[in-house]
Structure formats: structure tokens, C-alpha cells
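Each chain is listed here by its residues.
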Amino acid sequence: MLAACGLESAEELFNQIPASTRIDHALKIAPGLSEYEIADTFRELASRNAVGYASFLGAGVYNHYRPVVVDTVVSRGEFLTSYTPYQSEISQGTLVTIFEFQTMICQLTGMDVANASMYDGSTALPEAAMMAVRVTKRSRILVARSVHPEYRDVLRTYAKNQGLPVEEFGYDDKTGQIDFNDLDAKLNGESACVIIQSPNFFGIVEDTNAAAERAHAHGALLVYTFTEAVSLGILAPPHAADIVAGELQSFAISPSYGGPFAGIIASKEKYIRQLPGRLVGETKDTNGNRAFCLTLATREQHIRREKATSNICTNQALIALMATVFMELYGKQGLRELATQNLAKARYLASKVKPRFTGPAFNEFVAAIPQPEDVNRRLLDRKIIGGLPLAKYYPELANTVLLCATEMTKRADMDTLAEVFQA
């Protein structure tokens, strides 16, 4: 290989690497272990994990129960080993599940069409914003500060090199909801879309209809996003929105240190040609039987790059299947009961720990507490993972934490958390 490269030594191959960045000593790697010794090592490492801890973390990744049948279904070889269903003749099973996924997402969100999933909610949101830019032929993006801060970071990353200005509008210091006065002051004829989250990052439910009226009055689209999909079991679907982008992690998808998750985009039918990714459509085969195939897939793989709606190269079909099985298992009534449980648990916790904002909340809320990090350390001593300190994301909310309660949260743990807070 060196001869083919015209070189004398491996050292010569790496001449381009500055000497200051090289490791000039032997790596400190332990000697090899046998298989059973490796197994023992990993068992010892696993024993250090925080097993049996109660958690009050939310903020976009939620601790919900995962029915065991979900993994049974998605572990079947037909799903686990299948790739992108380009050949519809041999992919009808996968195409059927994606079609059902799209249908249920439309029912859940009140939209007309949904695509075959996205990477996650954080990438679905900027894709929705880009979609609004294409539809309106405008460039200015308005996003609420109450949208998940990491989603806003991804949005700015997407927009930066496309020369799309992203401007934020505030939230009401009392209610935690959108500051409509600030939104009104910033909306104008150059605005492509207004982006809101409900429940927002503070767990507060927004007035979607009022936001839509203001956006539409200026010819802008309303993009509605969510991180807690269970909330759609009890909240009215966002019919007033033009585009819905969100995250389905709550639907039987393990937190898994932050992914992989399954994002969605759904919209009004008139915008279907601008949906990123692809859709599965229903058709008939040569015998007149019901069949399914990929359609409207204007991605860069299928069309000239400058005409593509997105550079998203795949969809999270296996992860989206988890959400599909979850929705099939729970059904409309089951999802409503699950959402009601979440609401009841959070209300009980809020009665013990006074919320910072007065707006209507779902299953998480902001609570004021001096020295949140110290409080969280005390909670860890009681085998409880406390809330998320907000000072990092919102300096004006120093000495507050975001607390979440789901159906998995026990009353005794809520009582213990309240005791530590009061102490």
C-alpha cells in the first residue's frame, strides 16, 4: 500500500499531522480479557447505574410505560431487517404500517396529510419552517422563546446558511404563555411563519387559535410543534395550524440517552407538494387489489437537488413502527385515559410544589426553588432525580426547575420531593 502511494514508511504517510497533536507514547490500554471476564466487567459497570430511581425530568424526553408487545412486534425479522421500501412488490407489509402511521398522525393532529416520519422533533421543526418559506415565498421566521431551546438551536443552524432570519418573541412573565403584544409588534408582511409549542417548554398550554389568527392576518403560516405527544390525547387537535411538527418519543420509544426518536410533519392538504421526506400512498395493483407504494418523494435522492423539499435521506420507519403499535394498542379512549392520568399526577404535584406560572399546564411545570443544584443533590440521596434547572436556558428564570409527572410517577415520590423542597 505504501508503494502504491509512493511512500517509504507509515510515518511518512502521517507527515501532514502536526507533531504537537500526535501521541508520542504508548496508549494506556489494559491487556485483553477473556469473554467471561469482559461480561463480569460490564456487569460491574452496570451495577453503578441509577437503577430504581424515581425521575421528575421531562423537557422533551418523557418517562412513559412501554408495553412489552411493542418490542415483540418491532423485533420481528420482517421489520427489524427491512430497509427503505423502494420495491413495493416485496415491501407491502412495511408500506402498510407506514400508511397506518400516517393515518393515525392525521387523526391525532387534525391535519389532512402526514409524511412517513422524520428523524426527530428537533429536525422536524426546522423542516416545517423551511416548508413555510417555500409556501409563502417569504424568508422571515418568528419563533416563540417558549419553544424548546434545543429545537430553536437546531432551527438557527438550519436557517443560518440559507440566509433566513430567525427572530424570537417572548412569553408572559405571569402566565408562561405567548406574549401576544410582542408577537404583534414583530409580525409583518415579510414573515413566513410563526412557530409555537404547546404544551410549551414550561409545560403551559398555548392559545393556538389566537396565534393562528395573528399569523394569518399577516399572510404567515402557523407552525405548531409539540414534544409531549401524550398531551394530544386530551388537548383539542391544532386544527387552526397550517403545519404540525412534533416528537413521538412518548409513544413507547425508549429515552435511550436521547435517540433515535421519531419526528413527524403533518399539514393541510394544499401544502402536500411541499412536505419534506416522502409519503406512502394507496393505489391498486394490476389485479385491482388494494396496494401501497411510495409517492410524492421529492427528496434529493429522487429529484434534482435544487428542487428537493429536504435533504432528509431516510425516515425512522422502525422507530415510527413503535409509535404505531402504541397507538393501535391504546386507541382513542386509552390515549385519553393515559393523558388524564398524566394531568392528574401533575396536578397533585403542583398542589405540593407551587408552580411559577399561572397558565394551564399538562404534565410538567416550572417551580421556583433556591439553589436548584443543591436541592437535586439532596433528592439524589433519596433516590430521586429532580427537575431540570432552567438558568442555563433562561437566565431570567434562575432558581427554578422544570418538573414533570407522568403515569409512572408515584405519590410517595411526589410527597418526598415536596418535603425536600419545603426543607
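Let me sum up the structure you'll find in this document.

Conventions we followed
- Residues numbered from 1 in each chain as written.
- Predicted model: local features only at pLDDT ≥ 70, side-chain atom pairs only at ≥ 80, totals over all residues.
- Heavy atoms only, no water.
- Salt bridge = Lys/Arg side-chain N within 4 Å of Asp/Glu carboxyl O.
- Buried < 20%, exposed > 50% of the residue type's maximum accessible area, 1.4 Å probe, protein only.
- Helix = DSSP H or I, 4+ residues; strand = E, 2+ residues; numbered from the N terminus.
- Phe/Tyr/Trp six-rings, centres within 6.5 Å; stacked < 30°, edge-to-face > 60°.
- Lys NZ or Arg CZ within 6 Å of the ring centre and 35° of its normal.
- Expected span 1.5 Å × (residues − 1).
- Bend = angle between axes of the 7 residues up to and from the residue.
- Polar contact = N/O pair within 3.5 Å; in protein donor to acceptor, adjacent residues only side chain to side chain.
- Contact = heavy atoms within 4.5 Å.
- Pairing = 2+ DSSP bridges.
- Axes fitted to C-alpha atoms, helices over the stretch in contact; angles between N-to-C directions.
- Core = buried A, V, L, I, M, F, W, Y, C linked by side-chain atoms within 4.5 Å.
- Parallel < 35°, antiparallel > 145°, perpendicular 65-115°, else oblique.
- Left-handed = near helix turned anticlockwise from the far one by under 90°.
- Nonpolar A, V, L, I, M, F, W, Y, C, P; charged D, E, K, R; others polar.
- Right-handed = clockwise from strand over helix to strand, strands pointing away.

On to the pattern of salt bridges. As enumerated under the stated definition, the model contains 19 salt bridges in all. Between Arg 76 and Glu 78 there is a salt bridge, with the nearest N and O atoms lying 2.6 Å from each other. A relative accessible area of 45% means that Arg 76 is categorised as partly exposed. With a shortest N-O distance of 3.8 Å, Lys 352 and Asp 415 are connected by a salt bridge. In this pair, Lys 352 sits in helix H11 (residues 317-352) while Asp 415 sits in helix H13 (residues 411-422), placing the two residues 63 residues apart along the sequence. Residues joined by salt bridges that share partners form a network here, namely Arg 145, Arg 152, Asp 153, Arg 156, Glu 168 and Glu 396.

This part is about the packing of aromatic side chains. Considering all chains together, one arrives at eleven aromatic pairs under this definition. Aromatic rings pair up to connect Tyr 171, Phe 201, Phe 202, Phe 357, Tyr 393 and Tyr 394 into one cluster. Positioned above the aromatic ring of Tyr 348, the side-chain terminus of Arg 411 is 4.5 Å from the ring centre.

Moving on: H11. The terminal C-alpha atoms of H11 lie 41 Å apart, and with 36 residues this falls more than 12% below the ideal 52 Å at 1.5 Å per residue. Helix geometry: H11 is bent most strongly at Gly 331, by close to 90 degrees.

Right, let's get into unusual backbone geometry. Between Ser 198 and the following residue, Pro 199, the backbone shows a cis peptide bond with an omega angle of -15 degrees. Structurally, Pro 199 can be placed in the loop between strand S5 (191-197) and helix H10 (208-217). Each neighbour pair has its own omega, and for Gly 259 with Pro 260 the value is 5 degrees, a cis peptide bond. Relative to the elements of secondary structure, Pro 260 occurs in the loop between strand S7 (243-247) and strand S8 (263-267). Even without being glycine, Ser 256 reaches a positive phi, approximately 45 degrees.

In this structure, Ser 146 sits in the loop between strand S3 (140-144) and helix H8 (149-160). Looking at Ser 146, its side chain comes within polar contact range of the side chain of Glu 206, at 3.4 Å. In contact with Ser 146, other than residues within four places in its own chain, are Gln 197, Asn 200, Phe 201, Phe 202, Glu 206 and Tyr 394.

We now examine the sheet that holds S3. The pairing of strands in a sheet happens through backbone hydrogen bonds and is either parallel or antiparallel. Sheet architecture is open: seven strands sit in the order S2-S8-S7-S6-S5-S3-S4, paired in mixed fashion. Edge strands, defined here as strands with exactly one partner in the open sheet, are strand S2 (113-114) and strand S4 (166-169). The pairing of S7 with S8 spans five bridges and is classified as antiparallel. Each residue of the ladder has a partner; that of Ile 243, found in S8, is Ser 267. Contacts from helix H6 (residues 92-109) reach S2, S7 and S8, with the element oriented near 65 degrees to S8. The sheet strands contacting helix H7 (residues 121-136) are S3, S5, strand S6 (221-226), S7 and S8, and the helix crosses S7 at an angle near 165 degrees.

Attention shifts here to the nonpolar core. One broad rule of soluble globular proteins: the nonpolar side chains tend to lie buried together. Ranked by internal contacts, the top residues of the largest apolar core, which has 81 residues, are Ile 141, Val 194, Ile 195, Leu 248, Phe 251 and Ile 265. Here this core takes twelve residues from H11, the largest share from any one element. Ranked by size, the runner-up nonpolar core spans 21 residues in total, among them Ala 54, Ala 346, Ala 405 and Met 414.

Taken N-terminus to C-terminus, the directions of H7 and H8 make an angle of 45 degrees; their axes are 8 Å apart at the nearest point. Overall, the two elements H7 and H8 adopt an arrangement that is oblique. For H7 against H8, the interelement crossing comes out right-handed. Facing Gly 121, Ser 122, Thr 123, Leu 125, Pro 126, Glu 127, Ala 129 and Met 130 of H7, the residues of H8 in contact are Tyr 151, Val 154, Leu 155 and Tyr 158. Here the residues of the contact of H7 with H8 sort into eight nonpolar, three polar and one charged.

To continue, consider the pairing of S5. A regular strand places its side chains so that they alternate between the two faces of the sheet. Among the seven residues of S5, seven are classified as buried, and the element is accordingly described as predominantly covered. Sheet analysis places S5 next to S6, joined by five bridges and oriented parallel. Across the sheet, the residue bridging to Val 194 is Leu 222, located in S6. Between the parallel elements S5 and S6, the chain passes through H10 in a crossover that is right-handed.

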